[in-house]
Amino acid sequence: MMKFIHPILVSMAIMVSLSACESNESTLIISNVGDASVENLRVILSRAEVGSTESEYFKLLLADQEIPVQFDDLDGDGQWDEVVFEVDLVPNADTKLIMKPVESEPSYEPKTQVYLGVSPERNEQFAEQNEAVRPKDHEPQSLPYLYQYEGPGWESDLVAFRTYFDRRNGKDIFGKTNPQLYVNNIGLSDSYHELDESWGMDVLKVGNSLGSGALAMLKNDTIYRLGETGTASYKVITEGPVRSVFDLKYTGWEVAGTNYDLTERISIWAGKRSFQSEISLAPNDGDTLLTGIVNLKKVGKQETSSGAYQILYTHGEQSENHDVLGMGLLVPNDNFLSFDNADSMNSIDVTDTYTSLLQPNPSGKYVFHFVAGWELENAGFKNSDTFEAALKAEAVELSTAVSVSIQ
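Let me sum up the structure you'll find in this document. On a predicted model such as this, the values are computed, not experimentally measured, just so you know. (Residues numbered from 1 in each chain as written. Predicted model: local features only at pLDDT ≥ 70, side-chain atom pairs only at ≥ 80, totals over all residues. Heavy atoms only, no water.)

Of the regular secondary structure elements, the protein holds three helices and 31 strands. Taking 2.2 N^0.38 as the reference for a compact globule, 407 residues should give roughly 22 Å; the C-alpha atoms of the protein span a radius of gyration of 21 Å, in line with that estimate. Its C-alpha atoms put the protein at 65 × 45 × 45 Å along the principal axes. Counting over 407 residues, the protein shows a buried share of 53%. Expressed as a percentage of contacts within the protein between residues at least 6 apart in sequence, the contacts between residues at least 24 apart total 68%. One finds the centroid of the 30 positive side-chain charges in the protein at a distance of 3 Å from the centroid of its 62 negative side-chain charges. (Helix = DSSP H or I, 4+ residues; strand = E, 2+ residues; numbered from the N terminus. Rg over C-alpha atoms; globule rule 2.2 N^0.38 Å. Buried < 20%, exposed > 50% of the residue type's maximum accessible area, 1.4 Å probe, protein only. Contact = heavy atoms within 4.5 Å. Lys, Arg positive; Asp, Glu negative; His and termini not counted. Charge placed at Lys NZ, Arg CZ, Asp CG, Glu CD.)

Structure follows, in structure tokens:
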């Protein structure tokens with residue numbers, strides 16, 4: 001997520017002055033203290049940071065333009081906990097937005113989505129579930145399918161991903177040819193392994209790799225995939241026009257004699273070609289987690305850095321449509337240990353993967369972002385330099401430090 005610097009956070013309540021004018025409008029000021037322009041900066045404000053307002057909800061206006069804003073109830077108590085939006089910033093300048101009170105939560109075109117289709121009767125009739133516990137006897141690829149396209153899917157207007165909700169725990173990419181939201185329709189009729197020009201296709205072969213950011217652990221110099229667990233569950237936290245968030249929780253993951261509980265919180269934002277994974281592990285004695293990028297097509301890896309992130313990426317003709325696909329991992333510096341290759345390491349069941357070794361940050365979390373760029377979504381990604389530039393731009397956006405005040 002984006003990084004906030006609040007030099008006067010302790011006096012935030014004093015700065016939140018809501019007596020602006022007769023209309024009870026307030027001004028939200030975002031100060032970019034950096035020297036880079038930033039497009040679609042992810043902004044997250046807690047309820048405490050917003051403070052007491054005239055109304056429970058508000059619209060955001062930048063000049064005469066209304067910016068989509070989303071109010072997220074993260075703990076399920078019926079009140080929003082965070083308000084999120086995206087905004088462009090210019091270097092070393094303030095951006096002022098008008099907060100206009102409204103009686104009800106504003107509505108905008110959906111640009112993100114999370115979906116899990118379940119068929120308890122295994123009759124190819126799938127119904128969406130916002131919470132699900134995986135049956136203990138569930139077998140990978142068992143027919144007829146229990147889960148539509150084998151597990152949860154999540155998407156922005158630019159890209160979609162899925163995870164196999166079984167002991168493989170792989171992650172995969174749905175490339176998109178237009179910005180409609182579509183993961184609720186995939187797998188209901190035609191094969192998603194072949195190009196459908198109306199939406200796209202599954203562009204990745206995962207095999208025994210970690211695919212597009214699946215998880216494993218390095219313990220005693222051996223890689224162990226997040227595989228068999230005592231329990232596995234799925235829960236949607238929020239979804240809407242700005243972002244969607246869901247949890248995958250696992251208990252009883254046995255690794256070299258130790259049982260772990262793991263929660264992976266995945267979020268995806270409108271206008272982004274990436275998802276963020278934030279992982280909590282218990283017990284957590286500084287264990288080394290891994291994620292990675294599939295390397296079945298033997299495309300060379302590249303390493304670089306930008307902002308507060310280390311970047312690993314591949315680029316080339318590696319999609320299942322036999323065209324160009326770029327895949328990248330952005331790892332915050334405080335989570336980064338090294339980039340490596342699973343084929344040069346001891347492994348129980350992970351192959352063909354360029355790996356990123358992760359350490360917990362000061363908050364005890366493991367965080368990374370996975371980015372996908374397909375040439376049929378954006379022709380510019382035929383060029384490796386264009387894809388690298390996009391990765392670096394996202395790293396700069398994620399690294400941008402801002403201060404926020406409300407007057």
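Still more to cover.
Glancing now at the nonpolar core. Inside soluble globular proteins, nonpolar side chains tend to come together where they are buried. In terms of nonpolar packing, the biggest core is built from 50 residues, with Phe161, Ile173 and Tyr234 touching the most fellow members. Counting 25 residues, the second-largest nonpolar core is a separate cluster that includes Leu60, Phe71, Phe85 and Ile406. (Core = buried A, V, L, I, M, F, W, Y, C linked by side-chain atoms within 4.5 Å.)

Summarising the element assignment, Leu210 is placed in the loop between β16 (200-202) and β17 (216-219). In this structure Leu210 comes out as buried when scored by relative accessible area, which is 0%. Distance from Leu210 to Gln302, taken between C-alpha atoms, is 18 Å for residues 92 residues apart in sequence. Beyond its immediate chain neighbours, meaning those up to four positions away, Leu210 contacts Lys171, Leu215, Ala216, Arg225, Thr291, Gly292, Val350 and Thr353.

Let us look at the pattern of salt bridges. One pass over the structure, following the stated rule, counts 25 salt bridges. Here Arg42 makes a salt bridge to Glu397, at a shortest N to O gap of 2.6 Å. Of this pair, Arg42 sits in strand β3 (residues 38-46) while Glu397 sits in helix α3 (residues 384-399), and the two are 355 residues apart along the sequence. The exposure class assigned to Arg42 is buried, which follows from its relative accessible area of 2%. Here Lys298 makes a salt bridge to Asp343, at a shortest N to O gap of 3.6 Å. In this pair, Lys298 is assigned in the loop between β23 (288-294) and β24 (301-306) and Asp343 in the loop between β27 (336-341) and β28 (346-347), connecting sequence segments 45 residues apart. (Salt bridge = Lys/Arg side-chain N within 4 Å of Asp/Glu carboxyl O.)

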